[in-house]
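Listed here are the chains, written in short residue letters.
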Amino acid sequence: MDKKVIIFSAPSGAGKSTIVKHLLSKFSCLEFSVSATSRAPRGQEEHGKEYYFFSTAEFEEKIRNGEFVEYEEVYKGSYYGTLVSEVERIWAKGNIIIFDIDVKGGVNLKKLYGENALAVFIQPPSVEELRNRLVGRGTDTPEAIERRVAKAEEELTYSDKFDVVLINDNLEEALQRAEKMVSEFASR
Ligand code: ADP
Ligand code: 5GP
């Protein structure tokens, strides 16, 4: 069997987590790739569930040891990366890996996995709506929201490097289109 991966990338607040969670509940052949990060856990986040949490020193040690398929300093001082061990763990079970990863990481994984990857860019209807969603989510300080929105402008220019652009305006429609893409990719 092919070792397949599905990559979801987007500016923060576009709806990646919402769409990925929905797909995981619909398709038992999908398994979420838990990333490593050097940022601190937020709220109820647990090691091994949302992320593998490491100190900056531990993360840098893993970089030196070649333990990452890819990694990025997504926000200043915060590393995020995909562990080789995580990818191998999921493929060993015969599952398709689903990634929620920043746009640069998404492009790198698409280059690495080629035809075995479906790379989806989730596009918000506008930057203003992106800001509204981040405010509505209530997980970030006003400063963090402005940082994320400022970064979004650049991130939106990456959309043409993906296989598909999925506009997340009406959520129900976006979920249906996402389901259709995944089911076609999984069965091909
Ligand atoms: P990301 O994972 O890309 O940062 P989230 O999935 O956390 O984004 O979505 C950000 C916020 O926007 C959440 O509060 C979510 O419920 C909301 N949201 C997601 N999709 C839509 C949509 N199509 N319309 C309105 N709100 C949405
Ligand atoms: P957050 O801090 O909000 O959980 O995530 C910040 C950003 O890091 C999101 O855009 C998320 O997609 C990205 N991210 C999460 N895991 C990885 C990873 O393993 N590699 C890369 N390059 N980005 C990641």
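In case you missed it, the structure is sitting above this.
Predicted model only: the values in this text are computed from it and were never measured. (Residues numbered from 1 in each chain as written. Chains lettered and ligands numbered in written order. Predicted model: local features only at pLDDT ≥ 70, side-chain atom pairs only at ≥ 80, totals over all residues. Heavy atoms only, no water.)

## Side note on the nonpolar core
Point 1. Counting 23 residues, the largest nonpolar core has I6, F8, I19, L23, L30 and I98 as the members making the most contacts within it.
Point 2. Mapped by element, the contributors of at least two residues to this core are β1 (5–9), α1 (16–26), β7 (96–100), β8 (117–123) and α7 (171–187).
Point 3. Element by element, the count of residues in this core is highest for α7, at six residues.
Point 4. For L30, the residues in contact, after removing those within four places along its chain, are I6, L23, L24, I96, I98 and V182.
Point 5. Membership of the second largest hydrophobic core comes to 17 residues, among which are I7, V87, I101 and Y113. (Core = buried A, V, L, I, M, F, W, Y, C linked by side-chain atoms within 4.5 Å. Buried < 20%, exposed > 50% of the residue type's maximum accessible area, 1.4 Å probe, protein only. Helix = DSSP H or I, 4+ residues; strand = E, 2+ residues; numbered from the N terminus. Contact = heavy atoms within 4.5 Å.)

## Concerning the site of ligand 2
Point 1. Ligand 2 sits among 17 residues. The nearest are S35, Y51, E70, Y80 and D102.
Point 2. Take K16: an N or O atom from its side chain is 3.3 Å from an oxygen atom of ligand 2.
Point 3. Between ligand 2 and the protein, one listed contact pairs an oxygen atom with a side-chain N or O atom of S35 at 2.7 Å.
Point 4. Burial of ligand 2 by the protein amounts to 94% of the accessible area it has alone, namely 530 Å².
Point 5. Listing elements by their share of the shell around ligand 2, those giving two or more residues are β5 (68–75) and β6 (78–83).
Point 6. Ranked by residue count, the leading element in the shell around ligand 2 is β5, at four residues.
Point 7. Here the residues of the shell around ligand 2 sort into five nonpolar, four polar and eight charged. (Near = heavy atom within 4 Å. Polar contact = N/O pair within 3.5 Å; in protein donor to acceptor, adjacent residues only side chain to side chain. Areas by Shrake-Rupley, 256 points an atom, 1.4 Å probe, with all protein chains shown as cover. Nonpolar A, V, L, I, M, F, W, Y, C, P; charged D, E, K, R; others polar.)

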